[in-house]
Amino acid sequence: MKVDVAIVGGGLMGSSTALHLARAGQKVIVVEKNSPGRHASGVNAGGLRRLNRDPAEIPLAVVAAQMWREIESLVGSDCDVQLSGQVRVAENAADLQKLSERAALVRSLGFEHEQLITRERLYQLVPALAPHCVGGLYTAGDGFARPYHALTAFRRQAQSLGVKYHTGFPVTGLERLGSCWRVVTESAKFEAPILVNCAGAWAGQICAYLDEPVPLKVGAPMMMVTERLPHFLDPVVGAASRKLSFKQMQNGTVLIGGAYLAEHDMVKETTEIDLTKLSASSQTVLALFPRMANVRIVRTWAGLEAFMPDRIPVIGSSAKHPSVYHAFGFSAHGFQLSPVVGRIMSELILNQKSSLALEPFSIQRFQSSG
Amino acid sequence: MPKTYQLVVIGAGPGGLCAAITAASLGLDVVVLDEQPSPGGQIYRGISQTPDDRSALLGADYQRGADLVAAFKASGAQYWPQTTVWSLNSRREIGILRQGRASIIQAERVIVASGAMERPVPFLGWTLPGVMNAGAAQILLKTAGVVPAQGTVIAGTGPLPLLVAWQYLRAGVKVKAVLELSPGTNLWRAAPYLPGALVAGDYISRGLKYTLDLNKGGVPIYYGVSRLQARGNDRIEAVEYGWDILGSDRRETIITDSLLVHFGVIPRTNLTKAAGCQHIWDRGQQCWRPQVDRWGNTNVPGIAVIGDNAGIGGARSAEHSGRLAALEAARSWHLISTQQRDRQAHNDLKWLRKDLRVRPFLEALYRLPDSLLVPPDDEILVCRCEEISAGQIRQAVREEHGDPNQVKFYLRCGMGPCQGRQCAPAVAQIVAAENKRPVADYTTFRVRPPIRTLTIAQLANLESSES
Ligand SMILES: Cc1cc2nc3c(=O)[nH]c(=O)nc-3n(C[C@H](O)[C@H](O)[C@H](O)COP(=O)(O)OP(=O)(O)OC[C@H]3O[C@@H](n4cnc5c(N)ncnc54)[C@H](O)[C@@H]3O)c2cc1C
Ligand SMILES: Cc1cc2nc3c(=O)[nH]c(=O)nc-3n(C[C@H](O)[C@H](O)[C@H](O)COP(=O)(O)OP(=O)(O)OC[C@H]3O[C@@H](n4cnc5c(N)ncnc54)[C@H](O)[C@@H]3O)c2cc1C
């Protein structure tokens with residue numbers, strides 16, 4: 001079979017890119033070293049958040065939010081999307097000042113989704129919150145989905161359009177062969193004129209094969225989840241000056257994150273939970289939701305994620321090679337962006353341009369003299 | 001910085017106790033942690049508190065523990081009862097819960113001796129109230145004298161169903177029947193190992209004694225039974241079973257409000273898995289176990305595993321392996337030389353070899369048929385926490401969720417409060433069967449702390465240093 005595009009990485013970015021390309025009639029293969037969704041895409045917190053995005057990401061996140069609203073038409077599944085809003089809580093005057101400046105910034109960029117809300121409105125939205133909070137920043141229509149289910153839906157839809165997943169094939173090298181790229185693995189080689197790097201936490205390695213180094217750092221955000229509780233919370237709750245992401249899932253469990261990082265080992269591909277940090281995370285939970293004190297934690301976990309120094313991803317074409325494209329470095333907030341990233345990548349690959357501004361995400365920002 | 005201890009032993013069963021006694025005698029600072037209120041482990045549970053009449057009822061086997069516990073109390077090892085270990089990592093940081101308070105201690109060396117658990121075998125109706133593990137029922141008898149009031153049926157494989165039936169008989173409980181689910185053909189497979197087994201003490205003679213006593217007591221024992229099913233609406237009302245003899249679809253029913261089941265025991269692997277120890281599939285024992293050398297060492301430096309936790313060997317083997325791991329610990333601190341270790345290990349290694357000679361016979365005799373390892377009916381609930389059936393798991397595998405962790409992500413099976421302890425083996429078995437690959441190619445779910453649930457407040461108040 002003649003292949004048009006070879007994608008390294010069967011996470012959400014690779015799968016969304018594959019799906020969009022296949023919809024445009026391209027023959028695509030995905031080369032994945034483990035199984036689709038084994039890493040960040042399968043184990044993330046599922047947060048769908050425009051709230052508090054880097055200004056450069058806002059236009060992408062806004063389009064992505066629209067795509068999540070209609071996700072069923074794209075992937076044939078609702079991915080358990082729950083658009084019950086996201087809110088950042090202000091606990092004092094300084095927090096409130098910070099949030100109102102943020103709201104002004106977002107407005108000045110021409111967006112209306114981040115709304116300052118009063119204390120009264122906050123407690124309407126989150127009655128379970130500790131009583132000391134003074135207001136918040138709220139984005140209606142944000143929410144969450146189930147990541148592994150979303151990844152599965154993207155994969156299956158892509159497969160139904162002819163995308164072939166080669167799973168269990170770690171890519172160990174990339175070679176230029178005339179006008180083709182050869183993707184080298186231990187037991188097989190794949191060839192395609194176009195190559196896409198969606199290798200998540202390992203994307204830096206792929207860049208190294210391409211002699212296009214990037215200052216990517218791997219981190220392993222930790223999560224914990226509680227036993228099931230009767231429904232008490234609709235929006236996803238974060239805080240202006242604390243590390244917290246707090247949501248109640250459809251089945252009643254409460255998912256707690258806060259960007260605390262686990263220890264990790266990139267060779268064994270393992271992470272080890274740092275209990276001291278999760279203790280701090282639990283203290284944050286108690287400060288904002290004292291009613292959680294006697295709720296049992298059932299599981300903790302962590303996932304390997306690529307972080308860039310400026311906390312925004314690399315999305316775009318290689319600065320070094322023709323026909324090579326990158327989408328990585330999502331710095332712990334790529335889940336929400338995944339539908340639009342696939343669309344952008346397919347636009348870039350097929351039309352050499354994108355409908356959205358990609359300058360801030362260029363890999364060149366790390367290559368300029370210095 | 002958490003407080004550091006030289007040697008921490010997790011589990012005060014025969015294995016852990018022997019490890020502690022030996023280590024303390026060689027000059028090591030030892031702390032033994034156990035979630036139970038008194039030492040003894042599974043077999044000698046509550047030995048120091050059991051009234052004499054009940055311990056007499058439980059037989060001589062049970063009384064052996066008294067000496068062991070006495071020696072432990074005199075050993076100088078520290079003992080922390082009612083201390084639950086909820087985390088162990090590769091750096092030997094141990095999360096414990098004591099008197100409602102969570103803390104982390106650091107061990108320079110860890111001996112994991114957390115024993116075995118009853119092998120969970122999902123069958124139709126196994127989640128109905130009134131269906132219980134025979135081992136758990138035995139614990140109720142040993143510690144509280146609690147028995148099924150209206151009599152019971154005991155079903156399963158291995159020596160324990162017979163033993164529990166015998167103990168109930170002696171306690172005056174009506175045992176309506178013992179259903180032995182090992183296939184009749186196991187006898188032929190086991191026969192070649194019999195000469196080896198005969199060397200190993202009294203295992204076999206005790207089994208014969210139980211059978212004879214049960215016969216005398218009028219308890220029917222049915223062999224080669226298959227297709228066990230518990231029936232009932234809100235709780236069990238009857239047990240159904242049949243025989244898979246060629247062409248026979250005869251089904252029998254016993255009316256009962258209690259069914260005790262037991263399909264042997266398997267190592268508790270959650271701590272060692274959480275710590276990153278390597279595990280392998282043991283074909284003989286039909287379970288996963290940590291990979292260890294003769295001293296109990298795992299691939300993780302400073303973490304050893306002994307007793308049933310390292311592979312089912314019984315209480316005596318646990319004692320020997322505990323002493324071996326203690327010798328190795330002493331050697332690692334140069335309290336004894338390698339030669340001294342080897343010399344002192346001589347008898348334990350010899351006894352261990354002898355004791356282990358009974359295993360191939362027992363393993364062959366009580367070998368579980370595939371129909372018990374791989375739930376055959378799609379309706380059988382496999383994950384009771386999240387109510388996931390065998391059929392759903394098979395469907396997920398067909399949709400390319402091709403390993404147990406993917407099945408877990410997709411279906412949530414193994415994500416409930418028991419953290420997969422009950423469904424992990426069956427899920428891996430179904431995945432392997434569905435992929436037509438040997439089960440040894442798979443591992444069970446990844447395990448993360450807490451391996452026992454912990455509240456948010458307990459974690460928030462975590463003490464990681466001792467004032
Ligand atoms: C715990 C956690 C919580 C998060 N919460 C959120 C959230 O709430 N909201 C949000 O928007 N984002 C969140 N994120 C971030 C989000 O999950 C990621 O940004 C996103 O999933 C990245 O997708 P990806 O496809 O780039 O990476 P991945 O899913 O990691 O996929 C990369 C794939 O490439 C494969 N691969 C790598 N190297 C090779 C190779 N050499 N050969 C073959 N295959 C290779 C890997 O095996 C992997 O499957 C979270 C992340 C984590 C870890
Ligand atoms: C249900 C059952 C019934 C049995 N009945 C018999 C019998 O009647 N006759 C017979 O000969 N053999 C019996 N056995 C086998 C026998 O108990 C074992 O061979 C023997 O006890 C093994 O000793 P051990 O030291 O390896 O582990 P165990 O005796 O099991 O000791 C392990 C100890 O670790 C503790 N522990 C486990 N996890 C944790 C944790 N997370 N935190 C703190 N403490 C923990 C437990 O409380 C326990 O005290 C039975 C086994 C089981 C599981």
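Residues numbered from 1 in each chain as written. Chains lettered and ligands numbered in written order. Predicted model: local features only at pLDDT ≥ 70, side-chain atom pairs only at ≥ 80, totals over all residues. Heavy atoms only, no water.

Explain the side chain of Arg50(A) residue by residue, including any values.
Relative to the helices and strands, Arg50(A) is located in the loop between strand S3 (47-48) and helix H3 (58-69). In terms of polar contacts, Arg50(A) uses its side chain to reach the backbone carbonyl oxygen of Ala140(A), at 3.0 Å. (Helix = DSSP H or I, 4+ residues; strand = E, 2+ residues; numbered from the N terminus. Polar contact = N/O pair within 3.5 Å; in protein donor to acceptor, adjacent residues only side chain to side chain.)

Can you break down a positive patch on the surface residue by residue, with the values?
There is a patch of like positive charges on the surface, built from Arg294(B), Lys350(B), Arg353(B) and Lys354(B). Note that Lys354(B) resides in helix H11 (residues 338-356). (Patch = residues over 30% accessible without salt bridge, like charges linked within 9 Å, V, L, I, M, F, W, Y side chains within 5 Å. Areas by Shrake-Rupley, 256 points an atom, 1.4 Å probe, with all protein chains shown as cover. Salt bridge = Lys/Arg side-chain N within 4 Å of Asp/Glu carboxyl O. Lys, Arg positive; Asp, Glu negative; His and termini not counted. Charge placed at Lys NZ, Arg CZ, Asp CG, Glu CD.)

Hey, could you go over the interface of chain B and chain A for me, with residue numbers and the actual values?
Contacts between chain B and chain A engage 35 residues on the former and 41 residues on the latter. Summing both sides of the interface, chain B and chain A together bury roughly 3,200 Å²; the carbon and sulfur share of this comes to 54%. It is Phe409(B), Arg448(B) and Ile456(B) that lose the most area in chain B upon contact with chain A, and together they represent 23% of the buried surface on that side. The interface formed by chain B and chain A contains four salt bridges. Residue Glu272(A) pairs with Arg91(B) through a salt bridge whose shortest N-O separation is 3.5 Å. Run the count over chain B and chain A and you get 18 residue pairs in polar contact (both at pLDDT 80 or more). Class assignment for the residues of the side of chain B that touches chain A results in 16 nonpolar, 10 polar and nine charged. As defined by bridge partners, strand S20 (residues 296-302) of chain A adjoins strand S22 (residues 454-455) of chain B across two bridges and the pair is classed as antiparallel. Bridge pairing in S22(B) links Arg296(A) to Thr455(B). (Contact = heavy atoms within 4.5 Å. Buried area = accessible area lost by both parts, 1.4 Å probe. Nonpolar A, V, L, I, M, F, W, Y, C, P; charged D, E, K, R; others polar. Pairing = 2+ DSSP bridges.)

Give me the confidence of the model for chain B: which residues, what numbers.
For chain B, the average pLDDT comes to 91, and 94% of its residues sit at 70 or higher. This prediction of the complex comes with two scores: 0.94 for pTM and 0.94 for ipTM. (pLDDT = per-residue confidence, 0-100.)

Tell me about the sheet that holds strand S10 (residues 180-185) of chain A, and please be specific about residues and values.
All names here are of chain A. Reading across the sheet, the three strands line up as S9-S10-S11 and stay open at both edges, with antiparallel pairing between neighbours. Strand pairing shows two members of the sheet lacking a second neighbour, strand S9 (171-177) and strand S11 (189-192), which therefore form its edges. Taken pair by pair, the neighbouring strands of this sheet meet at an average axis angle of 20°, ignoring direction. Pairing between S9 and S10: six bridges, direction antiparallel. Residue pairing for S10: Glu175 is matched across the bridge by Arg182. (Axes fitted to C-alpha atoms, helices over the stretch in contact; angles between N-to-C directions.)

I'd like a rundown of the site of ligand 2, residues and numbers included.
Residue and element names in this part refer to chain B. Contacts to ligand 2 come from 33 residues, most closely from Gly15, Asp34, Gln42, Leu163 and Asp308. The side chain of Asp34 places a nitrogen or oxygen atom 2.6 Å from an oxygen atom of ligand 2. Contacts to ligand 2 include Ile43, whose backbone N or O atom sits 3.5 Å from an oxygen atom. Summarising the interface, the protein chains cover 92% of the accessible area of ligand 2, which totals 980 Å² for the free molecule. Among the secondary structure elements, those contributing two or more residues to the shell around ligand 2 are helix H1 (14-25), strand S4 (83-88), strand S7 (116-118), helix H4 (134-144), helix H5 (159-171) and helix H10 (314-332). Of the residues that constitute the shell around ligand 2, the class distribution is 12 nonpolar, 14 polar and seven charged. (Near = heavy atom within 4 Å.)

Now, about empty space enclosed by the protein: what can you tell me, with residues and values included?
In this structure the tally under the stated criterion is two cavities of 30 Å³ or more. A volume near 40 Å³ is recorded for the largest cavity. If you go around the largest cavity, the residues you meet are Leu48(A), Arg50(A), Ala65(A), Trp68(A), Leu83(A), Gly141(A), Asp142(A) and Gln336(A). Classifying every residue of the lining of the largest cavity by side-chain character gives four nonpolar, two polar and two charged. Of the pockets and cavities examined, the second largest cavity occupies roughly 30 Å³. Lining the second largest cavity are Leu275(A), Leu278(A), Ile297(A), Thr300(A), Trp86(B), Pro449(B), Pro450(B), Leu454(B) and Leu459(B). Secondary-structure elements contributing two or more residues to the lining of the second largest cavity are helix H9 (275-288) and S20 of chain A. When the residues that make up the lining of the second largest cavity are grouped by side-chain class, the tally is eight nonpolar, one polar and no charged. (1 Å grid on protein atoms, 1.4 Å probe; cavity = no way out; pocket = protein on both sides within 12 Å on 5 of 7 lines; lining within 4 Å. Points joined across faces, edges and corners; volume = space filled by probe spheres on them.)

Please set out the site of ligand 1 residue by residue, giving values where relevant.
Residues and elements named next belong to chain A. Around ligand 1 lies a shell of 36 residues, among which Glu32, Ser41, Gly47, Val171 and Glu305 are the nearest. Here ligand 1 has 990 Å² of accessible area as a free molecule, and 96% of this is covered by the chains. Of all the elements in the fold, those that place two or more residues in the shell around ligand 1 are helix H1 (12-23), strand S2 (28-32), helix H2 (40-43) and strand S14 (221-228). By residue class, the composition of the shell around ligand 1 is 18 nonpolar, 14 polar and four charged.

Could you give me a rundown of the side chain of Gln429(B), with the residues and numbers involved?
Residues and elements named next belong to chain B. Position of Gln429 relative to the elements: it lies in helix H16 (residues 424-434). We classify Gln429 as buried; its relative accessible area is 8%. Excluding residues that lie within four positions of it along the chain, Gln429 makes contacts with Trp281, Leu373, Val374 and Val439. (Buried < 20%, exposed > 50% of the residue type's maximum accessible area, 1.4 Å probe, protein only.)

Outline the packing of helix H7 (residues 147-160) of chain A against helix H15 (residues 404-411) of chain B, supporting the account with residue identities and numerical values.
Close contact between H7(A) and H15(B) brings their axes to 8 Å; oriented N to C, the two are set at 105°. What the angle tells us is that H7(A) and H15(B) run roughly perpendicular. Residues Tyr148(A), His149(A) and Thr152(A) of H7(A) lie in contact with H15(B), whose contacting residues are Gln406(B), Phe409(B) and Tyr410(B). Residues of the contact of H7(A) with H15(B), tallied by class, amount to three nonpolar, three polar and no charged. (Parallel < 35°, antiparallel > 145°, perpendicular 65-115°, else oblique.)

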